[in-house]
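Reading the structure
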Amino acid sequence: MHYYKDLPLDESDVLEPTVDVPNQIEGILDTEAQEFDIYQEKMERYKKLMKMLNNHNISVYEIPGELLLEFGDENGNILPPQHKYGGKRPVIAAFFDDTQDTDMMRPSSKLSNMVIKHRHLGKLKDSALGITLLFACQNYTSSSGGLLKSIRGNLTHMLVFRNKNQKEIDKIGEEVGGEIPIEEFNSVYNQAIQGPHDFLFIDLHRKPSHPSMFRRNFNEWIIPDQNQQS
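The structure contained in this document is the topic of the report that follows.

Rules of the game
- Residues numbered from 1 in each chain as written.
- Predicted model: local features only at pLDDT ≥ 70, side-chain atom pairs only at ≥ 80, totals over all residues.
- Heavy atoms only, no water.
- Helix = DSSP H or I, 4+ residues; strand = E, 2+ residues; numbered from the N terminus.
- Rg over C-alpha atoms; globule rule 2.2 N^0.38 Å.
- Buried < 20%, exposed > 50% of the residue type's maximum accessible area, 1.4 Å probe, protein only.
- Contact = heavy atoms within 4.5 Å.
- Lys, Arg positive; Asp, Glu negative; His and termini not counted.
- Charge placed at Lys NZ, Arg CZ, Asp CG, Glu CD.
- Patch = residues over 30% accessible without salt bridge, like charges linked within 9 Å, V, L, I, M, F, W, Y side chains within 5 Å.
- Areas by Shrake-Rupley, 256 points an atom, 1.4 Å probe, with all protein chains shown as cover.
- Salt bridge = Lys/Arg side-chain N within 4 Å of Asp/Glu carboxyl O.
- Axes fitted to C-alpha atoms, helices over the stretch in contact; angles between N-to-C directions.
- Parallel < 35°, antiparallel > 145°, perpendicular 65-115°, else oblique.
- Left-handed = near helix turned anticlockwise from the far one by under 90°.
- Nonpolar A, V, L, I, M, F, W, Y, C, P; charged D, E, K, R; others polar.

We now examine the overall build of the protein. When its secondary structure is counted, the protein shows 6 helices and 7 strands. When the elements of the protein are put in sequence order from the N terminus, they spell out α-α-β-α-β-α-β-α-α-β-β-β-β. Over its C-alpha atoms the protein spans a radius of gyration of 25 Å, topping by over 25% the 17 Å that the globule rule assigns to 230 residues. Dimensions of the protein, computed from C-alpha atoms along their principal axes, come out at roughly 80 × 40 × 30 Å. Of all 230 residues assigned to the protein, the portion counted as buried reaches 37%. Within the protein, residue pairs in contact and separated by at least 24 positions form 58% of the contacts whose partners lie at least 6 positions apart. The centroid of the 25 positive side-chain charges in the protein is displaced by 4 Å from the centroid of its 34 negative side-chain charges.

Here's what the structure looks like:
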């Protein structure tokens, strides 16, 4: 029994953080990509068949028998191909919960390689599925089993909750605080952390229309150069 009882997960969706997990995840992506490609190919053949059936200038005897056999049932009905996601392109995410100091975070694991190439995993005929990677951890850095440098260097978004270790906050400010000095980053952090469940949201790929890369939670902008919120 997995720990996420309220989420629509199968037992096979939950993996123990072993050194082989990156390989397992890549295998899952390859399978999903292959199944989606097969469905797309079947849909092309199905559309071809339906176009021929709807063309009154084409006799049923001119239609390839393999198409009729592939999509026809025992009652003579023509049925479209089925897909477990209703034909939608799979959107895949992996959530790593409290995996610090596990074998998966060791240098011998292929996690770093997976982080670097995550957008290109799950190869399709014309592109790749890719995967979103989310990490929940107690420490940003650690002498053993901390967040790998490859993870920290490829962050797109970060949620920083209350942390009593000022060295950790300074390290975050140095690596992901943008162009503002550490003192200003600490001010931004303190503005964000007001209640027990508040967090500083850092958007490292913010849109040009956004006034800042920093927010208190998800909905309050923090604008460092104005030293005020909007």
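Quick look at a nonpolar patch on the surface now. Taken together, Leu53, Val60 and Tyr61 make up a surface patch of nonpolar side chains, about 340 Å² in accessible area. Of note, Val60 is situated in the loop between α1 (21-53) and α2 (65-71).

With that out of the way, let us pick up the pattern of salt bridges. For the coordinates displayed, the defined rule picks out 11 salt bridges. Arg45 is the salt-bridge partner of Glu70, the closest N and O atoms lying 2.7 Å from each other. Of this pair, Glu70 sits in helix α2 while Arg45 is found in helix α1, placing the two residues 25 residues apart along the sequence. Judged by its relative accessible area of 33%, Glu70 falls in the partly exposed class. Among the salt bridges present, the one from Arg215 reaches Asp203, with a minimum N-O distance of 3.9 Å. With Arg215 in strand β5 (residues 214-216) and Asp203 in strand β4 (residues 200-203), the pair connects residues that are 12 residues apart, well separated along the chain. Since its relative accessible area comes to 6%, Asp203 is described here as buried.

At a minimum axis distance of 9 Å, the contact between helix α5 (residues 166-176) and helix α6 (residues 182-192) shows a crossing angle of 115°. Taken together, α5 and α6 sit at an angle that is classed as roughly perpendicular. Like other packed secondary-structure pairs, α5 and α6 cross with a definite hand, here right-handed. Residues Gln166, Ile169, Asp170, Ile172, Gly173 and Glu174 of α5 pack against Ile182, Phe185, Asn186 and Tyr189 of α6. Residue composition of the contact of α5 with α6, by class: 5 nonpolar, 3 polar and 2 charged.

What follows is about unusual backbone geometry. Not every positive phi belongs to a glycine, and Asp101 is a case in point at roughly 60°. As for its position among the elements, Asp101 is in the loop between β1 (93-97) and α3 (111-116). On the basis of relative accessible area, Asp101 is assigned to the partly exposed category, the value being 45%. Its identity as a non-glycine residue notwithstanding, Asn217 has a phi of 60°, on the positive side. With respect to the element layout, Asn217 can be found in the loop between β5 and β6 (220-223).

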